[in-house]
Amino acid sequence: SGTDQILQVYWGTEHGIKTLKTPTCILSNQKQQFRKFGYDDVMKYKSLPPSEADNWYFFQNFKMKLYNTTKVTSGMELRASNGKMLPALMVFSESLHYLREHALNTIQEASFQTVCNQEISWVITIPAIWSAAARQFVQLAAREAGLASDMISEKLIIALEREVASLWCKQL
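Residues numbered from 1 in each chain as written. Predicted model: local features only at pLDDT ≥ 70, side-chain atom pairs only at ≥ 80, totals over all residues. Heavy atoms only, no water.

K.L.:
Describe the overall build of the protein chain, naming the residues involved and giving the relevant values.
P.N.:
A tally of regular secondary structure across the protein chain gives six helices and six strands. Overall, the protein chain shows an N-to-C arrangement of helices and strands of β-α-α-β-α-β-β-α-β-α-β-α. For 172 residues, the compact-globule estimate of 2.2 N^0.38 gives 16 Å, and the C-alpha radius of gyration of the protein chain, at 17 Å, lies within 12% of that figure. The burial tally for the protein chain puts 35% of its 172 residues in the buried class. Within the protein chain, counting contacts between residues at least 6 apart in sequence, those at least 24 apart form 59% of the total. (Helix = DSSP H or I, 4+ residues; strand = E, 2+ residues; numbered from the N terminus. Rg over C-alpha atoms; globule rule 2.2 N^0.38 Å. Buried < 20%, exposed > 50% of the residue type's maximum accessible area, 1.4 Å probe, protein only. Contact = heavy atoms within 4.5 Å.)

Written as structure tokens, this is what we have:
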């Protein structure tokens, strides 16, 4: 309709970078609390003194671990840059939670209206090379992140990246 808006979010501007994509990076403190995502976490981790960095959990490019792992399960773990392990479901769901909050805040700032999670249909894109188990894992992480209330929610769509790109190009 005529009221539809497409918002472009630029990532990294506060760090002198302006891009439509953000790195798949997340940082957790010693208490396994996540606060940000992407460039903010890269810069925070790089600014930590080496003696302190060993106490944190920094995950970079973790999305492709779902492809490179022979058996994707809800109990699998991911290795942080310093060798420490955390549950993969926690890392993925915290990332999706951050992106969800960021999207809701961006919409609210642009429209000056509060938007409820239930009003949004979320689309998460995944590579076509991922297995059915990886797709199910992302669905579970999305539910844990609050994007959907259950595994069969109509408000959550897991779509292949190439199909979404094709539809986007048709939209232009």
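K.L.:
Could you give an account of the pattern of salt bridges, naming the residues involved and the relevant values?
P.N.:
All told, the structure shown has three salt bridges when counted by the stated rule. The residue Lys-63 makes a salt bridge to Glu-161 at a minimum N-O spacing of 2.9 Å. You can see Lys-63 sitting in the loop between strand E2 (57-60) and helix H3 (65-68) and its partner Glu-161 sitting in helix H6 (residues 161-171), a full 98 residues away along the chain. Judged by its relative accessible area of 27%, Lys-63 is partly exposed. (Salt bridge = Lys/Arg side-chain N within 4 Å of Asp/Glu carboxyl O.)

K.L.:
Could you give me a rundown of the nonpolar core, with the residues and numbers involved?
P.N.:
Among the nonpolar cores identified, the biggest contains 38 residues, and Phe-59, Phe-62, Leu-66, Leu-78, Ile-124 and Phe-137 are the most heavily contacted of them. Going through the elements one at a time, E2, helix H4 (88-111), strand E5 (122-126), helix H5 (132-144) and strand E6 (156-160) are the ones with two or more residues in this core. Looking at which element gives the most residues to this core, the answer is H4, with seven residues. Beyond its immediate chain neighbours, meaning those up to four positions away, Leu-78 contacts Phe-59, Phe-62, Lys-65, Lys-84, Met-85, Leu-86, Ala-88, Val-91 and Phe-92. (Core = buried A, V, L, I, M, F, W, Y, C linked by side-chain atoms within 4.5 Å.)

K.L.:
Give me the pairing of strand E1 (residues 25-28): which residues, what numbers.
P.N.:
Neither face of E1 is left uncovered, since the one carrying Cys-25 and Leu-27 and the one carrying Ile-26 and Ser-28 both have all their residues buried. Here four bridges tie E1 to E2, and the two strands are oriented antiparallel to one another. In the sheet register, Cys-25 faces E2, and the bridge partner there is Gln-60. (Pairing = 2+ DSSP bridges.)

K.L.:
Report on the pairing of E6, specifying residues and quantitative values.
P.N.:
Counting buried residues along E6, four of its five residues qualify, which places the element largely inside the surrounding structure. Judged from the five bridges that link them, E5 and E6 form a sheet pairing that is parallel. Its bridge partner being in E6, Thr-125 is matched across the sheet by Ala-159.

K.L.:
Can you explain the environment of Leu-167? Please cite residues and give values.
P.N.:
The topology assignment puts Leu-167 in helix H6. We classify Leu-167 as exposed; its relative accessible area is 57%. Spatially, the C-alpha atom of Leu-167 lies 30 Å from that of Ala-88, the residues being 79 residues apart in sequence.

None of the figures reported here should be taken as evidence of function without further support.
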